[in-house]
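# Observations on chain architecture
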Amino acid sequence: MIRFDHVSKHYPGHRGALSDITVEIADGEFVYLIGPSGAGKTTMLRLIMRDIVPTSGTLLVDEWKIASIPANQIHHLRRRVRTVYQDFKLLADRTVYENVAVGLEVLGKAEGEIAKDVMKILSLVNLEDKYRQFPLQLSAGEQQRVSIARAIVGGPKILLADEPTGNLDPDTAGEILDILEEVNSIGTTVIMATHNAGIVNERKKRTLTLDDGTIHSDEVKGRYHVSKKKT
Amino acid sequence: MAAILAMFLTFLLTGFFFLTTVTSAVILQYFEGKPQITVFFRDKATKEDATSLTSTLQATGKTASVRYVTKEEALVTYRTLFQSDPLLLEMVTSDILPASLEVSATGPEYLDDLAQTIATYDEKSDIIEEVVYQKDVVDALISWSNAIKIVGGVLAGLLAVDALLIVMTVIGMKIALRRDEIEILKLVGASSWYIRLPFLWEGALYGIWGATSAWVVLMGLIVWFRPVLLSFLEAIPVFVIVLSNPTSTTFLAAGAGLFGILVITGFLLGIIGSAVSVGRYLKF
Ligand SMILES: Nc1ncnc2c1ncn2[C@@H]1O[C@H](COP(=O)(O)OP(=O)(O)OP(=O)(O)O)[C@@H](O)[C@H]1O
Ligand SMILES: [Mg+2]
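Residues numbered from 1 in each chain as written. Chains lettered and ligands numbered in written order. Predicted model: local features only at pLDDT ≥ 70, side-chain atom pairs only at ≥ 80, totals over all residues. Heavy atoms only, no water.

## Things to note about the interface of chain B and chain A
- Every contact between the two is made by 13 residues of chain B and, on the other side, 17 residues of chain A.
- The three residues of chain B that bury the most area against chain A are B:Ile184, B:Leu187 and B:Val188, which together make up 46% of that side's buried surface.
- Summed over the shared surface of chain B and chain A, the result is two salt bridges.
- Here B:Glu183 makes a salt bridge to A:Lys89, at a shortest N to O gap of 3.2 Å.
- Per element, the largest residue contribution to the side of chain B that touches chain A is seven residues, and it comes from helix H7 (residues 179–187) of chain B.
- Of the residues belonging to the side of chain B that touches chain A, the class tally is seven nonpolar, two polar and four charged. (Contact = heavy atoms within 4.5 Å. Buried area = accessible area lost by both parts, 1.4 Å probe. Salt bridge = Lys/Arg side-chain N within 4 Å of Asp/Glu carboxyl O. Helix = DSSP H or I, 4+ residues; strand = E, 2+ residues; numbered from the N terminus. Nonpolar A, V, L, I, M, F, W, Y, C, P; charged D, E, K, R; others polar.)

## Quick notes on empty space enclosed by the protein
- Per the counting criterion, the structure on display carries two cavities of 30 Å³ or more.
- Space inside the largest cavity adds up to approximately 60 Å³.
- Lining the largest cavity, in full, are A:Thr42, A:Leu45, A:Arg46, A:Met49, A:Thr83, A:Val84, A:Tyr85, A:Leu160, A:Ala161 and A:Asp162.
- For the lining of the largest cavity, the secondary structure elements donating two or more residues are helix H1 (41–48), strand E6 (81–85) and strand E7 (158–162) of chain A.
- Volume-wise, the second largest cavity comes out at about 40 Å³.
- As for the second largest cavity, its lining consists of A:Arg82, A:Thr83, A:Ser147, A:Arg150, A:Ala151, B:Leu187 and B:Val188.
- Contributions of two or more residues to the lining of the second largest cavity are made by E6 and helix H5 (140–152) of chain A.
- Per-element accounting of the lining of the second largest cavity gives the leading share, three residues, to H5(A).
- Partitioning the lining of the second largest cavity into residue classes produces three nonpolar, two polar and two charged. (1 Å grid on protein atoms, 1.4 Å probe; cavity = no way out; pocket = protein on both sides within 12 Å on 5 of 7 lines; lining within 4 Å. Points joined across faces, edges and corners; volume = space filled by probe spheres on them.)

## Let's talk about the site of ligand 1
All names here are of chain A.
- Lining the immediate environment of ligand 1, one finds 13 residues, of which Ser37, Gly38, Lys41, Thr42 and Thr43 sit closest.
- Take Lys41: an N or O atom from its side chain is 2.7 Å from an oxygen atom of ligand 1.
- The separation between an oxygen atom of ligand 1 and a polar side-chain atom of Thr43 is 2.4 Å.
- Protein chains shield 66% of the accessible area of ligand 1, which is 630 Å² for the free molecule.
- Residues belonging to the shell around ligand 1 are distributed by class as follows: four nonpolar, seven polar and two charged. (Near = heavy atom within 4 Å. Polar contact = N/O pair within 3.5 Å; in protein donor to acceptor, adjacent residues only side chain to side chain. Areas by Shrake-Rupley, 256 points an atom, 1.4 Å probe, with all protein chains shown as cover.)

## A few points about the packing of H5(A) against helix H6 (residues 170–185) of chain A
All names here are of chain A.
- Contact geometry of H5 with H6 gives a least axis separation of 10 Å together with a crossing angle of 15°. In terms of axis orientation, H5 runs roughly parallel to H6. Considering only the axes of H5 and H6, their crossing is right-handed. Contacts between H5 and H6 involve Gly141, Gln144, Arg145, Ile148 and Ile152 from the former and Thr172, Glu175, Ile176, Ile179, Leu180 and Val183 from the latter.
- A per-class count over the contact of H5 with H6 returns six nonpolar, three polar and two charged. (Axes fitted to C-alpha atoms, helices over the stretch in contact; angles between N-to-C directions. Parallel < 35°, antiparallel > 145°, perpendicular 65-115°, else oblique. Left-handed = near helix turned anticlockwise from the far one by under 90°.)

## What about the pattern of salt bridges?
Residue and element names in this part refer to chain A.
- Scanning the entire structure with this criterion turns up 23 salt bridges over all chains.
- Across the pair Glu24 and Arg3 runs a salt bridge whose closest N-O atoms are separated by 3.7 Å. Remark: Arg3 occurs in strand E1 (residues 2–10) and Glu24 occurs in strand E2 (residues 16–25); sequence separation between them is 21 residues.
- Among the residues examined, Arg3 registers a relative accessible area of 33% and is labelled partly exposed.
- The partner of Glu142 in a salt bridge is Lys130, and the shortest N-O contact between them spans 2.9 Å. Note that Glu142 is positioned in helix H5 and Lys130 in the loop between helix H4 (111–124) and H5, a separation of twelve residues in sequence.
- The class for Glu142 is buried, based on a relative accessible area of 14%. (Buried < 20%, exposed > 50% of the residue type's maximum accessible area, 1.4 Å probe, protein only.)

## Points about the packing of aromatic side chains
- Following the criterion strictly, the structure yields five aromatic pairs over all chains and no others.
- With a centroid separation of 5.7 Å and 80° between ring planes, the pair formed by B:Phe16 and B:Phe17 is classed as edge-to-face.
- On the basis of relative accessible area, B:Phe17 is assigned to the buried category, the value being 16%.
- In this structure, A:Lys89 packs its charged tip against the face of A:Tyr85, placed 4.8 Å from the ring centre.
- Against the face of B:Trp193 rests B:Arg196, its NZ or CZ located 5.9 Å from the ring centre. (Phe/Tyr/Trp six-rings, centres within 6.5 Å; stacked < 30°, edge-to-face > 60°. Lys NZ or Arg CZ within 6 Å of the ring centre and 35° of its normal.)

## Description of the side chain of B:Ser191
- Residue position: B:Ser191 is located in the loop between H7 and helix H8 (192–224).
- With near-sequence residues (within four places) excluded, B:Ser191 lies in contact with A:His75 and A:Arg79.

## Describing the domain arrangement of chain B
- For chain B, the assigned domains are domain 1 (2–30 + 139–281) and domain 2 (35–133).
- The C-alpha-based centres of domain 1 of chain B and domain 2 of chain B are spaced at 46 Å. (Domains from an automatic or database assignment.)

## Here we look at the nonpolar core
- If you look at the biggest cluster of nonpolar residues, it comprises 45 residues, and the most contacted ones within it are B:Phe11, B:Ile175, B:Phe199, B:Phe239 and B:Leu282.
- Going through the elements one at a time, helix H1 (2–32), helix H6 (134–177), H7, H8, helix H9 (226–233), helix H10 (237–243) and helix H11 (249–281) of chain B are the ones with two or more residues in this core.
- Among the elements that take part in this core, H8(B) stands out by supplying nine residues, more than any other.
- What B:Leu282 contacts, discounting residues up to four positions off in sequence, is B:Ile175, B:Ile182, B:Ile195, B:Arg196, B:Phe199 and B:Ser277.
- Counting residues in hydrophobic clusters, the runner-up holds 37 residues, among them A:Tyr32, A:Leu104, A:Val125 and A:Leu127. (Core = buried A, V, L, I, M, F, W, Y, C linked by side-chain atoms within 4.5 Å.)

## Here we look at the pairing of strand E1 (residues 37–41) of chain B
Residues and elements named next belong to chain B.
- Most of E1 sits inside the fold, with four of its five residues counted as buried.
- Inspection of the sheet shows E1 paired to strand E4 (residues 128–133) by five bridges, in the antiparallel sense. Residue pairing across strands places Val39 opposite Val131, the latter belonging to E4. (Pairing = 2+ DSSP bridges.)

Right under this line is the structure:
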């Protein structure tokens, strides 16, 4: 569960990036975060993963109050809240397998268990036959799938995706969305930020529209019904 | 590589000065345990003269021991001292060597009084060739060993600072080079120790490798120069025991002790250097 309660964020020397956001996202939801450039989408995601802290208001992620997690405890949150970016952030000198394994190594898992889980996740993103390749030998869509695999290996509860399709053509973007929906279907909360409203409309998911740091609309579209209270 | 080299030089020098300091300390101890005044008699002096001087000295109540060494005994000592040098042995007969009186005072504060007594006695009888005060030798040794300690300490300190700075720089560079990887590790939830430990360990390894290679070179030098060292130090039993046989357990134990000291210091120096860099460049 993620709960923004009158959260504002001002970057130093900058007017409000987010002002007085109040919203709740329940476990297992799939939420699109849309809005024009500079609306504050990235800022919301960075708050949830405690890359930054709110200037005012309270942000809760499960049992954690974001503003008061001590620096040496942040890694516990990061194991439960994983992220995917537009630029993939893969290590060019490591194979697909090694890139994904990083997500488990930091948890202190044994070698055998890592091998089993990595291959399982790679087959989920349809890359099991490319595990020995290096990122630069893959297409952009494939690289993004590796980065998703690294994020979900180890079973996070929440997956944040910031413009994951920003570098991809529409077909490949569609594949990525399919994979994110599959990840969501196994119980992971997925929040994806994008300014590409077109692909979002087809998907009929809950959509938060941000504009200039405030929530413009919060629509629940179609088959996926959110029963949790909205504020 | 630069870091290991710096560590190597540091420990080579530190180890060298450490050994020199230990050696001079042992030499000092040896001399301090020796008689403090040695009175060498002229050839004309008889056994009775010696006995008379002995009782004069003992009468002062300030002597711990007084021992008469005859010319023959002096020769025996001389022969064991220079047994490895036949040339020196041939040159000397007991005639050349003087008889002597080895005097120890009950406390160093009485040495002057005893010297005075001896001088007064000599004025009357004129049987004394020379009086050697161990104190002079010991004082000279102390000032030498202090000089070695200061020069060695300063040099080793400077080199240690240098090695520390190099380790800090190298580790800082490695951290910078692996920025992307560190960012990703933080993203997926690596604990701060998980990220820091490899860098700390790397710094420690520089220290350990530097110390180990310095140790190997030092031990090589000791084994190589063992005969020379032995001829210098053969009067002092401790060195003879340690150095006489490079495969003996005492030699190996001394080597192992030196290894332990160097490696532990190297480990600490490396850890400190990398910890400073990690603290500076790996903030959370
Ligand atoms: N580190 C920062 N320092 C100062 N201002 C920032 C910083 N990051 C973002 N901002 C400002 O905060 C506002 C919100 O930025 P944010 O990155 O959250 O927008 P966004 O919705 O993700 O935009 P985009 O679609 O371009 O990624 C913008 O006006 C931006 O200029
Ligand atoms: Mg953004």
